[in-house]
Amino acid sequence: MCHGACDSFILFGHPELKTSIPISGLQGPGRVREKREKERSALQELVGKNLHVLSQIEGVDLEIYKETVLPRVLEQVVNCKDDLSQYYLMDCIIQVFPDEYHLQTLEMLLAAFPQVQPTVDIKTVLSPLMDRLSKYAASSADVLTEFLQVEAFTKLSNAIEKVIEMQVDMPAVGAITLYVSLLTFTLRVHPDRLDYVDQVLGACVKKLSSIPKLEDRWATKQLVALLSAPLEKYNDTVTALTLSNYPRVMDHLDNGTNKVMAMVIIESIMKNNTCISTADKVEVLFELIKGLIKDLDGATDELDEEDFKDEQNSVAKLIHMLYNNEPEEMLKIICIVWKHTMAGGPKRLPFTVPSLVFSALRLVRQMQGQEGDIVGEEVPATPKKIFQLLSQMIEALSAVPSPELALRLYLQCAKAANGCDLEYVAYEFFTQVFVLYEEEIANSKAQVTAIHLIIGALQRMNVFNVENRDTLTHKTTGYSARLLKKPDQCRAVYACSHLFWVDGQDGIRDGERVLLCLKRALRIANAAQQMASIARDSSGPLTLFVEILNKYLYYFEKGNKQITAAAIQHLIELINTEMQSDSATSDAFLASTLRYIQFQKQRGGVMGAKFESIKL
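Residues numbered from 1 in each chain as written. Predicted model: local features only at pLDDT ≥ 70, side-chain atom pairs only at ≥ 80, totals over all residues. Heavy atoms only, no water.

- Under an unreviewed UniProt entry, the name given to the protein chain is Vacuolar protein sorting-associated protein 35B isoform X4, and the source organism is Gossypium hirsutum.
- Annotation of the protein chain in UniProt includes, under Sequence similarities (unreviewed entry), the sentence "Belongs to the VPS35 family."
- Quoted verbatim from the Subcellular location (unreviewed entry) field of UniProt, the annotation for the protein chain is "Membrane". (UniProt positions renumbered as here; feature names shortened; annotations may be inferred.)

Given below as structure tokens:
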């Protein structure tokens, strides 16, 4: 009885639907058209209510829905040639009947979509259907088994492909939206099936094969959503790197959006602290973010300086997320990054080379103690080979030109070579440092900074023999004495004293040369004092005297026999005389130094005895 009631219920709407919405009526004058629109709206409301009531009738179970209700309703949908009515009826079917019914009749329901008018916006019907089904799948494990049994993904994928083939004029945004919905469905229902995810991306690539670069703003937005979905689902960019069609989809983005998507990928890696540990995945990753690491073909937009810096700093951070404990694999990763970095041109090198250098130095320190080549290895990962690569990197950076940054990196490499006990390698890096200093660094402030960096690095080197160390220290002290400003000369020269007195078991302790440096610094301070008296400014040079006094005290405590209490006493008296002759007020720095001497005198013991003869 229920079966007959359903038959009559459905047939009741059929003639009304066919006769009340003639297509010709839509082409008439304004009043006729307005009347037809009202009739259509009323009819749609009536049919919608009828379908809703039908879904609530007791006894309309899955079998009756599958055998009687759905076929008759779909027949009316297909026979109705009005696009708006077809859309409305399909939407009503999806909204009013249970998800379970849709899953079990999926093939029949999807078969109707390619038969509707080409002007029907299929994506606005199919997308809600897939959304409902994916939420239904998440409701229980038993339901998920049903999805596998009916092969829901395959059926949805085939239906979307047929719809896109039938509607040849479908805009790109419509097709991409369908693939976004299908991908969302796939990630919810089959998150472990990466082949399904890649299949969806591949189908999208096929659709976009005739469109090299998307220009439609909404289509581009949907494509970004398609690419972002796997990143958000897996929270692991490595998973996205295994999808062969992921880079092919990105190729269809315009240059600006390609950069935005590249930044999204990097941010995902940083947010989830993802380590990319294999060379092949690094290759894929840098292909994905190529919009950031080199100028893309056809790029004509003016580059905003701040945006450029942000992009390159992100790439620099990314390099630190590329790591493998195996030296061979890590060396391959470094070589791949270097290859892509060089392709980016000189303007990017100051941002990316430092990160790459420190990544390589981390590998060097991991391999400390290895020397020579590994027999039988085609690409041996040895400290020597890595230092050769580092030299090429920094040489490219110095040619940008960026000599000050290159100098700092050369010094870092020299210290790493010192740790590996590679004397000639360390010496070569210092040679490059001095070449840069002589030929490229002309700014006086930059020279002062460079000299102090050189002194600090050289002081900690213990790999050099006597001859090589003397050569380097002689060069350094010579450069220090030739700085432009006298105060800079003085500070650099007394800093050089540390090159001749190094604490440690095998440390250098040449007290005479320490004293020579301090005396030379004192002569320069005297010259600076005379020049300052002409300019009526004695505060700076007086500070130099106090700084030198502190160096005397340092070496006095360290046990340098060349630094005597008498010499310290003489220097204190000299400072007091200079302050009185210039009518200068008490200097806080000097007062603090004198308090320290008094403290040492009062502490007693061996140190107190040493300071006892100094009169304040």
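## Considerations on the pattern of salt bridges
Moving on, step 1. Here the structure, examined in full by the defined rule, presents 17 salt bridges.
Moving on, step 2. Salt-bridge contacts for Lys155 lead to Glu107; the nearest nitrogen and oxygen are separated by 3.9 Å. With Lys155 in helix H9 (residues 152-166) and Glu107 in helix H6 (residues 106-112), this pair connects stretches of sequence that are 48 residues apart.
Moving on, step 3. With relative accessibility at 24%, the residue Lys155 sits in the partly exposed group.
Moving on, step 4. Assessed through its relative accessible area of 55%, Glu107 is described here as exposed.
Moving on, step 5. We note a salt bridge from Lys123 to Asp121, for which the minimum N-O separation is 3.0 Å.
Moving on, step 6. Assessed through its relative accessible area of 33%, Asp121 is described here as partly exposed.
Moving on, step 7. Where salt bridges share partners, they join Asp131, Lys135 and Arg188 into one cluster. (Salt bridge = Lys/Arg side-chain N within 4 Å of Asp/Glu carboxyl O. Helix = DSSP H or I, 4+ residues; strand = E, 2+ residues; numbered from the N terminus. Buried < 20%, exposed > 50% of the residue type's maximum accessible area, 1.4 Å probe, protein only.)

## With respect to the packing of helix H12 (residues 217-234) against helix H15 (residues 255-271)
Moving on, step 1. Taken N-terminus to C-terminus, the directions of H12 and H15 make an angle of 15°; their axes are 11 Å apart at the nearest point. It follows that H12 is roughly parallel to H15 by the angle criterion. Crossing of H12 against H15: the hand is right-handed. Contacts from Thr220, Val224, Leu227, Ser228 and Leu231 in H12 reach Thr257, Met261, Val264, Ile265 and Ser268 in H15.
Moving on, step 2. Across the contact of H12 with H15, the residue classes tally to six nonpolar, four polar and no charged. (Axes fitted to C-alpha atoms, helices over the stretch in contact; angles between N-to-C directions. Parallel < 35°, antiparallel > 145°, perpendicular 65-115°, else oblique. Left-handed = near helix turned anticlockwise from the far one by under 90°. Contact = heavy atoms within 4.5 Å. Nonpolar A, V, L, I, M, F, W, Y, C, P; charged D, E, K, R; others polar.)

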